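# Tertiary structure, described
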Amino acid sequence: MEFFWEYFFGGLTRGSIYALIALGYTMVYGIIELINFAHGEIYMIGAFTGLIVAGVLGVLGFPGLAILAIALVAAVIWAGAYGYTVEKIAYRPLRNAPRLSPLISAIGMSIFLQNYVLLAQTSDFLPFPRLIPNFGFMEPYSMVMGSSDFVIVAVSALVMVGLTLFIKYTRLGKAMRATAQNRKMAQLVGVNVDRVISATFIIGSTLAAIGGVLIASHIGQINFFIGFIAGIKAFSAAVLGGIGSIPGAVLGGLILGWTESFATGYISSDYEDVFAFALLVIILIFRPSGLLGKPPTQKV
Amino acid sequence: MKRVFSMLILACVGLIALAGCGNEPTKEEAKTEAAPEAAPAGGSIVLGVAGAHSGDLASYGLPSVNAAKLVAKMYNDKGGVLGRQVVIQAEDEQCKPELATNVATKLVSDKVTIVMGHICSGATKAAMPIYRDAKLICMSPSATNPPLTQSGDYPNFFRTIASDDAQAKMGVDYAIQTLGAKKIAVLHDKGDYGKGYAEFAKSFIEQGGQAQVVLFEGVTPGAVDYSAVVNKVRQSGADAVIFGGYHPEASKIVSQMRKKQMKTPFLSDDGVKDDTFIKVAGADAEGVYASGPRDISSNPIYQQAIEQHKAAFGSEPGAFFPEAYSASLALLNAIEKAGSTEYDAVIKALRSEYVETPVGKISFDEKGDAIGVGFSMYQVQDGKFVELK
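Description of the structure in this document. Everything quoted here is computed from the prediction, not taken from an experiment.

### Looking at a nonpolar patch on the surface
Residues and elements named next belong to chain A. A surface patch of nonpolar side chains, about 440 Å² in accessible area, is lined by Ile52, Val56, Leu60, Phe62 and Ile70. The element best represented in the nonpolar patch is helix α2 (residues 39-60), accounting for three residues. By the secondary structure assignment, valine 56 is in helix α2. Given the relative accessible area of 47%, valine 56 is considered partly exposed.

Given below as structure tokens:
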């Protein structure tokens, strides 16, 4: 039983990160029905921004928590700017093109960003400073959950609650929901659709950047390729929960995290991905639109 | 908007052009290097050099051509081997087995005296039966696949590099004998190299009977965290972890183990014995064991070979250069000692005569592995890999 809780909390940490990244996929899909394959790279760029800022601040002798806060803010701003630019360059000109074109453009953007960071930085793995301070729990609990696991889960939960409230109660949130429901109608009643889409990309990118900095600090290393695998997993989580649905992305992320953690713990890590994706297939057989997804309705 | 686009396109073109420039010289070089130096002359000793001299693995093969040239020049300056000049015949097979058989056939029909190569294990395996049937001796500087020597299929095969299983044996022996481990967890990265190492380690532990394998598992490279695997290691009660794979995964596993306050010794292979590992794992790297090729940098012949390379080619030698230099030396030395180029005499000389080479003073055992080369165990101490004697 002791190990059950360790796998449970290990899966919770992993799942929170998937969920944080999955939110970006699901929001963008909800609004313009496009899978933003460059989202994983935005996560990676967020992590790199955090690394550079933390490195500079560390040299200047800032205290640990201040570094974490400033690195997070910098990563959020920088990744937000990238999200905005990517949308503007790669997707906006293709707004009315056939659906395959923006998809290809997204994949191209993903490859471009990977290679851009590869050339600008290095292909080597880089050490990432432990930004999250170690405030160790009491003896038996410290084994189950470290301080960085706790921070990751707590920040993810806060961000998700904040996002839900934002979408429910703010003007922009309402505009986003209206655009998601019917872009043309929203435009007719005076919503600036382009601005709403840009805002969605920026918000999604900031969430990914937070995830990037936290996970890099948790595992202590990054390179230009980390966005690919995290992106694929988060995308699967979004599909699992029902793409387009925000609670679905969270649920999908957690389920994926737990599946991987328990499969590794009780069966074998050889089959970690096999179980994760087998689960995805099984769920999609019975619920083609994901756990919390709504089947597409015919618009009249 | 238009201007932004045109600038972007310009930037992309610039990048591509730059990348192109970077690659071009090596390709050119590869082509010229791959061309046969000279046709086998009547009275000369022809040293065939086979390996990847172009393609994506050329960086492993080209240093062996340079090594052979340097050694040949050294002998020729002294008046040749048995009074005959040494000529190099380089043949390119890009590490592809299907090309390797062609190259082997060509070398055999061109009646070369002896062959240094091939570079990759797969290509070597493909070419060896042809050399065996033609009674041509072949020495590889880099093919580490164990069955090449251990199967006994190729009495004409020798190598100046230790085989993959030697490392695993060393890791297992160290864990059991020096660290006194009784329960060992064996992890790997599911890759050819890492899994191969781990499987050898597992079988050595089981054969030895002094310890048991309590966990044998592959981790997924690039996964966001390894806490579940680390928990499993803890659950298994292992008192040592042996990992087969490369440093990115190793540093993640070690960091997560130390985070969970596990002090279990961590042993690994030469994929981990890399300074990047220490850089990335930081303080968690302290005390980690990794095996790697024995430190030969203080060997005067090694230093001399590097100097020769710098003088002749104006650059640092690449991968497997010392091994290739040693192989060329060992082959020519054996011909000289045997007093002829006759198959049995040369093989006898290879097995009985020691020769001073960059990788140490070596001879060859019955199976063809070099005696005197091998791996050392290293440990991270104060942020450096220190060779354990």
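### A few points about the sheet that holds strand β14 (residues 375-381) of chain B
All names here are of chain B. The seven strands are arranged β7-β6-β8-β9-β10-β14-β15 in an open sheet whose pairing can be described as mixed. Edge positions in the sheet fall to β7 (212-218) and β15 (384-388), since each has one partner strand and no second. Each neighbouring strand pair of the sheet contributes to a mean axis angle of 30°, computed without reference to strand direction. Pairing analysis gives two bridges linking strand β9 (residues 266-268) to strand β10 (residues 289-293), with the strands arranged parallel. Its bridge partner lying in β10, leucine 267 is registered against tyrosine 289. With respect to the sheet, helix α8 (residues 227-236) is in contact with β6 (183-188), β7 and β8 (240-244), its orientation differing from that of β7 by roughly 170°. Its contacts with the sheet place helix α9 (residues 247-259) against β6, β8 and β9, and it is angled at close to 175° to β9.

### Some thoughts on empty space enclosed by the protein
Over the atoms, a rolling probe the size of a water molecule traces out where space has been left empty. All names here are of chain B. Summed over all chains, the structure comprises one cavity of 30 Å³ or more. The volume enclosed by the largest cavity comes to roughly 40 Å³. Forming the boundary of the largest cavity are Ala330, Asn333, Ala334, Ala349, Leu350, Glu353, Val355, Ile362 and Phe364. Among the elements of the structure, α12 (321-338), α13 (343-352) and β12 (360-364) are those that each provide at least two residues to the lining of the largest cavity. The class makeup of the residues in the lining of the largest cavity is seven nonpolar, one polar and one charged.

### Regarding the side chain of threonine 264 of chain B
Residue and element names in this part refer to chain B. By the secondary structure assignment, threonine 264 is in the loop between α9 and β9. For threonine 264, a relative accessible area of 12% corresponds to the buried category. When neighbours within four sequence positions are excluded, threonine 264 is seen to be in contact with Ala238, Asp239, Ala240, Val241, Met257 and Arg258.

### What to know about the environment of serine 142 of chain B
Residue and element names in this part refer to chain B. Tracing the backbone shows serine 142 in the loop between β4 (138-140) and α5 (147-150). Using a relative accessible area of 6% as the deciding quantity, one classes serine 142 as buried. On a C-alpha basis, the gap between serine 142 and isoleucine 161 in space is 5.9 Å, while along the polypeptide they are 19 residues apart. For serine 142, the contacting residues outside a window of four places in its chain are His118, Ile119, Ile161 and Phe320.

### Some words on the packing of aromatic side chains
Under the counting rule described, the total for this entry stands at 25 aromatic pairs over all chains. Between phenylalanine 8 of chain A and tryptophan 258 of chain A the ring centres are 5.0 Å apart and the planes differ by 25°, which places this aromatic pair in the stacked class. On the criterion of sequence distance, the pair formed by phenylalanine 8 of chain A in helix α1 (residues 2-32) and tryptophan 258 of chain A in helix α11 (residues 246-267) is long-range, its members being 250 residues apart. Assessed through its relative accessible area of 22%, tryptophan 258 of chain A is described here as partly exposed. Seen in terms of ring centroids, phenylalanine 158 of chain B and phenylalanine 364 of chain B are 5.4 Å apart; in terms of plane orientation they differ by 80°. Their pairing is edge-to-face. Here phenylalanine 158 of chain B, found in strand β5 (residues 157-159), pairs with phenylalanine 364 of chain B, found in strand β12; they are 206 residues apart in sequence, far enough to count as distant. In this pair, the class of phenylalanine 158 of chain B matches that of phenylalanine 364 of chain B, namely buried. Aromatic ring contacts, followed pair by pair, group Phe4, Trp5, Tyr7, Phe8, Phe9, Trp258, Phe262 and Tyr266 of chain A into a single cluster. Above the face of the tyrosine 75 of chain B ring, lysine 78 of chain B is positioned so that its terminal group lies 4.8 Å from the ring centre.

The rules behind the values
Residues numbered from 1 in each chain as written. Chains lettered and ligands numbered in written order. Predicted model: local features only at pLDDT ≥ 70, side-chain atom pairs only at ≥ 80, totals over all residues. Heavy atoms only, no water. Patch = residues over 30% accessible without salt bridge, like charges linked within 9 Å, V, L, I, M, F, W, Y side chains within 5 Å. Areas by Shrake-Rupley, 256 points an atom, 1.4 Å probe, with all protein chains shown as cover. Salt bridge = Lys/Arg side-chain N within 4 Å of Asp/Glu carboxyl O. Helix = DSSP H or I, 4+ residues; strand = E, 2+ residues; numbered from the N terminus. Buried < 20%, exposed > 50% of the residue type's maximum accessible area, 1.4 Å probe, protein only. Pairing = 2+ DSSP bridges. Axes fitted to C-alpha atoms, helices over the stretch in contact; angles between N-to-C directions. Contact = heavy atoms within 4.5 Å. 1 Å grid on protein atoms, 1.4 Å probe; cavity = no way out; pocket = protein on both sides within 12 Å on 5 of 7 lines; lining within 4 Å. Points joined across faces, edges and corners; volume = space filled by probe spheres on them. Nonpolar A, V, L, I, M, F, W, Y, C, P; charged D, E, K, R; others polar. Phe/Tyr/Trp six-rings, centres within 6.5 Å; stacked < 30°, edge-to-face > 60°. Lys NZ or Arg CZ within 6 Å of the ring centre and 35° of its normal.

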